[in-house]
Amino acid sequence: MSAVQRGIRQASKLPQRLCRPSALRTLTRSTTVAPRAAPVFCHTRNTFSTMASLQSAAAATPPPSESKGYDPEIKDIADYVHNKPIDSDLAFDTARWVFLDTLGCGLEGLRFKECTKLLGPIVEGTVVPNGTKVPGTPFQLDPVNGAFNIGAMIRWLDYNDCWLAAEWGHPSDNLGAILAVADWITRTNKAGGNLAGGKTFTVRDVLEAMIKAHEIQGCLALLNSFNKVGLDHVVLVKVASTAVVSKMLGLSEQQTADAVTQAWVDGQSLRTYRHTPNTMSRKSWAAGDACQRAVNLALKVLKGEKGVPTVLSAPVWGFYDVLFKGKKFEFQRPYGSYVMENVLFKVSYPAEFHSQTAVEASQKIYHQLKAMGKSAADIKGITCRTHEACVRIIDKQFKPMDNFADRDHCIQYMCSVMLVFGRLTTGDYTDGSEAATSPLVESLRKKIKCVEDPKFTQDYHDPALRTISNGLTVELSDGTVLGEVVVEAPLGHRLRREEAKPEILAKYKRHLEPHYSADRVKQLLELGQDPKKLEAMSVDEYVDLYTVKDSKFI
């Protein structure tokens, strides 16, 4: 029995309250709920002797003759990548929407100089024959740097898809590695090369790789919190990308296992660049870095580099003991296509996902105030009833907003911008912008208090629900208390997927338009809505539709 199968937990059925047509349409309601008391957190300090730990290493570490085979968690990933067919029409359909949305997000990232300054060849002027082409740019790069370029532009604005569980993350980050390798292999083999047995990739091959990368990253995230030990979620991008890229490169199942072990043993990113006092732009290129490392490690194994079979479980020196407080990974379900089928789209707002429902509630309140002849200036205070992850990640009521990265990870700032202006765009996070310099936004965000509701936290982790609920109660300066506005599932959630599709397409169109002619935009939109034609298309030919000789943004 596999490690995943041993850790299976049965998911509960979808409650009837969320099966009603009215609930599936909006999953919103207005009620009056008394705010709960803020939780009290207690901290204890542990002391230990490093020398004592090291002295015990010799006794704890088995001699070479007693070493075992690969950790079962590693074998399960390699087996899934090589031997599990994907036969879910829903997964492929969802992957197509993710593919279009993710490419659009990457193009939008190119409009920001902070992003484009990091892109291009490592040595200026370098062009790699038959290399990876970077959409929206004139760059043609080696697949390692190509993976960084594509991965960084995709993640720059925190606008691509999302997965929320014990660990959170953005599974479409993996497209940076997948597309770079598929494009490079295809161009090389069409030019007479023999990479991966001479294979040329179609868009459907890319979609299948995306489904599997989503699944690996998402299943590892369901019950295992890397953020609680201070590690960034991009470790899962690196592991998932390494696994699927290894298969794409033609590595054997054992070599794929070797590459995955290298991803685990590779130094993992700290989350400090996402949090006070170090919040900064590295959070926007961290996924590109993970994609780059994944491709690099897989290529090293392709050249004959071996793996580290017990990289997770080795006493004292393995991942579990060094970086995971001695705990082993837990699994809720075996690898299949669950994650792609249930992934969350960011449709309405370029906002950290735990805030999406709060921003949607803020938009409703903005219109409610307008109808009353009131505005954000009339607000005395706001209570945000929310879930634990939101409090832990983006509750920054009094923290000064130092930069773009601070603003797009502050629930108070995002709600305040919506309440003041009736909008939330990427430009509203920029230094010197109307929103960033607004005294009303600054004063209002300090009036928004977050309070955890344990039921919201429970529903957040329920595999049958996976809601990301927020409820806002507004008190006005004249003493009026508005009914609480609750949004449980954001637009783009599985329960609102069909409602979201027209908006996803409109978002993709908006992101294409600054880069291409009207004819090219029309061509890409029509192709994206023709699954058979799109999936049969060669990857290099499809990527060529996105490349430009000259870009006004580079």
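Since the structure is predicted, the reported quantities are computational estimates derived from the model, not experimental observations. (Residues numbered from 1 in each chain as written. Predicted model: local features only at pLDDT ≥ 70, side-chain atom pairs only at ≥ 80, totals over all residues. Heavy atoms only, no water.)

Participant: Please explain the pattern of salt bridges as it appears in this structure.
Facilitator: A side chain of one charge can pair with a side chain of the opposite charge when the charged atoms of the two come close. For the structure shown, the criterion picks out 40 salt bridges. Between Arg 96 and Asp 93 there is a salt bridge, and its shortest N-O distance comes to 2.7 Å. Separated by 3 residues within a single helix, Arg 96 and Asp 93 lie in helix H6 (residues 89-109), roughly one turn from each other. For Asp 93, a relative accessible area of 22% gives the class partly exposed. Between Asp 453 and Arg 385 there is a salt bridge, with the nearest N and O atoms lying 2.5 Å from each other. Here the residue Asp 453 occupies a position in the loop between strand S7 (448-452) and helix H21 (454-461), and Arg 385 occupies one in strand S6 (residues 379-386), the gap between them amounting to 68 residues. (Salt bridge = Lys/Arg side-chain N within 4 Å of Asp/Glu carboxyl O. Helix = DSSP H or I, 4+ residues; strand = E, 2+ residues; numbered from the N terminus. Buried < 20%, exposed > 50% of the residue type's maximum accessible area, 1.4 Å probe, protein only.)

Participant: Just to check I follow, could you spell out the packing of helix H11 (residues 234-248) against helix H13 (residues 282-302) for this structure?
Facilitator: Geometrically, a packed helix pair is captured by the angle between its two axes and the distance between the axes. Packing of H11 against H13 brings their axes to within 8 Å, and their N-to-C directions diverge by 35°. The hand of the H11/H13 crossing is right-handed. In contact with Val 234, Val 237, Lys 238, Ser 241, Thr 242, Val 245 and Ser 246 of H11, H13 contributes Ala 286, Ala 287, Ala 290, Cys 291, Arg 293, Ala 294, Val 295 and Ala 298. Here the contact of H11 with H13 is composed, by residue class, of 10 nonpolar, 3 polar and 2 charged. (Axes fitted to C-alpha atoms, helices over the stretch in contact; angles between N-to-C directions. Left-handed = near helix turned anticlockwise from the far one by under 90°. Contact = heavy atoms within 4.5 Å. Nonpolar A, V, L, I, M, F, W, Y, C, P; charged D, E, K, R; others polar.)

Participant: Any chance you could explain the nonpolar core here in plain terms?
Facilitator: Burial of nonpolar side chains together is a common tendency in soluble globular proteins. Residues Leu 220, Trp 264, Phe 329, Tyr 542 and Tyr 546 are the most contacted members of the largest nonpolar core, which totals 165 residues. Of all the elements, helix H10 (residues 203-223) adds the most residues to this core, at 12 residues. If we ignore the near neighbours within four places in the chain, the residues touching Tyr 546 are Leu 103, Leu 107, Pro 135, Gly 136, Tyr 508, Leu 512, Tyr 516 and Leu 524. (Core = buried A, V, L, I, M, F, W, Y, C linked by side-chain atoms within 4.5 Å.)

Participant: Help me understand the environment of Phe 99 in this model?
Facilitator: By the element assignment, Phe 99 lies in helix H6. The sequence separation of Phe 99 and Val 206 amounts to 107 residues, and the corresponding C-alpha distance is 8.9 Å.

Participant: Looking at this model, I keep getting lost on the packing of aromatic side chains. Mind explaining?
Facilitator: Where two aromatic rings form a pair, the distance of their centres and the angle of their planes describe that pair. Scanning all chains against the criterion turns up 20 aromatic pairs. With a centroid separation of 6.2 Å and 80° between ring planes, the pair formed by Tyr 516 and Tyr 546 is classed as edge-to-face. Linking Tyr 516 in the loop between helix H22 (497-512) and helix H23 (518-528) with Tyr 546 in the segment after helix H25 (539-544), this pair joins segments that are 30 residues apart in sequence. According to the relative accessible area criterion, Tyr 516 is buried, its value standing at 10%. An angle of 65° between the planes, with centres 5.2 Å apart, marks the rings of Tyr 542 and Tyr 546 as edge-to-face. Ring pairing ties together the aromatic residues Phe 226, Trp 264, Phe 319, Tyr 320, Phe 324 and Phe 329, which thus form one cluster. Here the guanidinium or amino end of Lys 199 rests over the ring plane of Phe 201, the centre of that ring lying 5.1 Å away. (Phe/Tyr/Trp six-rings, centres within 6.5 Å; stacked < 30°, edge-to-face > 60°. Lys NZ or Arg CZ within 6 Å of the ring centre and 35° of its normal.)

Participant: Explanation requested: the environment of Ile 216 in the structure shown.
Facilitator: Mapped onto the secondary structure, Ile 216 falls in helix H10. Sequence separation of Ile 216 and Ile 77 is 139 residues, and the distance between their C-alpha atoms is 7.2 Å. Sequence-distant contacts of Ile 216, defined by excluding residues within four places in its chain, comprise Ile 77, Tyr 80, Val 81, Val 239, Ala 240, Ala 243 and Tyr 335.

Participant: Quick question: what am I supposed to make of H11 here?
Facilitator: An α-helix turns once every 3.6 residues. As a result, residues three or four positions apart point the same way. For H11, which comprises 15 residues, the first-to-last C-alpha distance of 21 Å matches the rise-based estimate of 21 Å (1.5 Å per residue) to within 8%. Most of H11 sits inside the fold, with 14 of its 15 residues counted as buried. Positive phi appears at Gly 250, one or two residues downstream of H11, with a value of about 90°. (Expected span 1.5 Å × (residues − 1).)

Participant: Explain the state of the cysteines to me, please; I cannot follow it from the model alone.
Facilitator: Linking two cysteines covalently via their sulfur atoms produces the bond known as a disulfide. Summed over the entire model, instances satisfying the criterion amount to 0 disulfides. For the unlinked cysteine Cys 410, the closest cysteine sulfur is that of Cys 450, found at 8.5 Å. (Disulfide = S-S within 2.5 Å.)

Participant: Hey, could you run me through the packing of helix H5 (residues 72-83) against H11 in this one?
Facilitator: One can describe the packing of H5 onto H11 by two numbers: an axis separation of 10 Å at closest approach and a directional angle of 45°. The orientation of H5 relative to H11 falls into the category oblique. Judged by the sense of rotation from one axis to the other, the crossing of H5 with H11 is right-handed. Here Ile 77, Val 81 and His 82 of H5 come into contact with H11, specifically with Val 239, Ala 243, Val 244 and Lys 247. Of the residues belonging to the contact of H5 with H11, the class tally is 5 nonpolar, 1 polar and 1 charged. (Parallel < 35°, antiparallel > 145°, perpendicular 65-115°, else oblique.)

Limitation: the analysis is restricted to geometry and does not speak to function.
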